[in-house]
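Here's the letter readout for the chains.
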Amino acid sequence: RTAGPRASGSALIRVCWRQVPTAAGPIGWVGASLRPSGPGPRGSASTASASAVARAAGGMTRLNGYDTAYEVVTKGDGGKKVVQGAKVTVHALGVVQQTGKKFWSTKDPGQQPFTYDAGIGGVITGWDQGCLGMEVGEVRKLVIPAHEGYGKNGFPAWGIPPGGTLEFTLECLKIAPR
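The shown structure was predicted, so the numbers you read here are calculated from the model rather than taken from an experiment.

(A) Representation of the overall build of the protein in the model. In terms of regular secondary structure, the protein is built from 1 helix and 11 strands. Looking at the protein as a whole, 46% of its 178 residues qualify as buried. Here the contacts in the protein between residues at least 6 apart in sequence split such that 61% fall between residues at least 24 apart. Of the accessible surface of the protein, which amounts to about 8,400 Å², a share of 54% is contributed by carbon and sulfur atoms.

Laid out in structure tokens, this is it:
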């Protein structure tokens with residue numbers, strides 16, 4: 001499978017590109033409990049509309065109720081937007097901000113675009129909330145602090161250090177209705 005941030009139950013985990021049995025779930029899922037999801041602003045879905053964001057430092061827009069910030073690098077087609085529950089397909093490039101090291105790219109050999117269900121906690125919080133409102137063709141850069149990414153433990157298997165801030169560049173390829 002294509003690798004990408006995922007959640008299972010109440011614990012965030014990461015899907016591996018190869019099948020690996022784990023105690024946390026079915027074959028193909030690896031990781032550890034990094035950040036429980038649940039009710040409240042960090043565990044609930046919201047949209048990234050202009051009325052729902054506050055300007056963040058450095059020209060990025062911070063999501064209302066979150067510390068994740070984003071900027072639109074390329075505007076989308078003006079059509080439908082990513083909403084909670086939509087099945088979304090993206091190209092993704094993930095880099096650890098502190099080291100500049102790439103830990104994942106769907107454009108690398110053997111990889112493919114990543115598909116997930118938006119706004120329902122199936123991926124790390126910063127990604128889940130930061131993609132809401134995207135349009136097909138849009139390229140968006142997300143800066144995700146550790147507590148909305150892989151937390152104080154990081155994800156060493158992917159080169160994400162403890163407390164690592166993540167930078168994702170995402171290109172929305174397809175939005176399927178919920």
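(B) Representation of the side chain of Thr 165 in the model. Summarising the element assignment, Thr 165 is placed in the loop between strand S10 (139-144) and strand S11 (166-176). Residue Thr 165 is classed as buried on the basis of its relative accessible area, which comes to 15%. If sequence neighbours within four positions are ignored, Thr 165 has contacts with Val 95, Val 96, Gln 97, Gln 98, Val 143, Ile 144, Pro 145 and Ala 146.

(C) Representation of the nonpolar core. One finds Tyr 116, Trp 127, Phe 168 and Leu 170 to be the most contacted residues of the largest nonpolar core, which totals 31 residues. Elements that contribute at least two residues to this core include exactly strand S7 (87-96), strand S8 (102-105), strand S9 (114-117), S10 and S11. A per-element tally of this core places S11 first, with 5 residues.

Calculation criteria
- Residue numbering note: each chain is counted from 1, following its sequence as written.
- Residues qualify for local features only when their pLDDT is at least 70, as the model is predicted, and side-chain atom pairs are given and counted only at 80 or more; totals for whole chains, interfaces and linings, by contrast, use all residues.
- For the side-chain quantities, the full set of heavy atoms in the structure was used; hydrogens and water were omitted.
- Helix and strand definitions here come from DSSP, where helices need a minimum of 4 consecutive H or I residues and strands a minimum of 2 consecutive E residues; each element is numbered from the N-terminal end.
- Remark: exposure states derive from per-residue accessible area (1.4 Å probe, protein chains only) relative to the maximum for the residue type, with buried under 20%, exposed over 50%, and partly exposed in between.
- Contacts are assigned to residue pairs that have any heavy atoms within 4.5 Å of one another.
- Areas reported here follow the Shrake-Rupley algorithm with a probe of radius 1.4 Å; residue values treat only the protein chains shown as occluding.
- Nonpolar core, defined: a set of buried Ala, Val, Leu, Ile, Met, Phe, Trp, Tyr and Cys residues in which side-chain atoms within 4.5 Å join the residues together.

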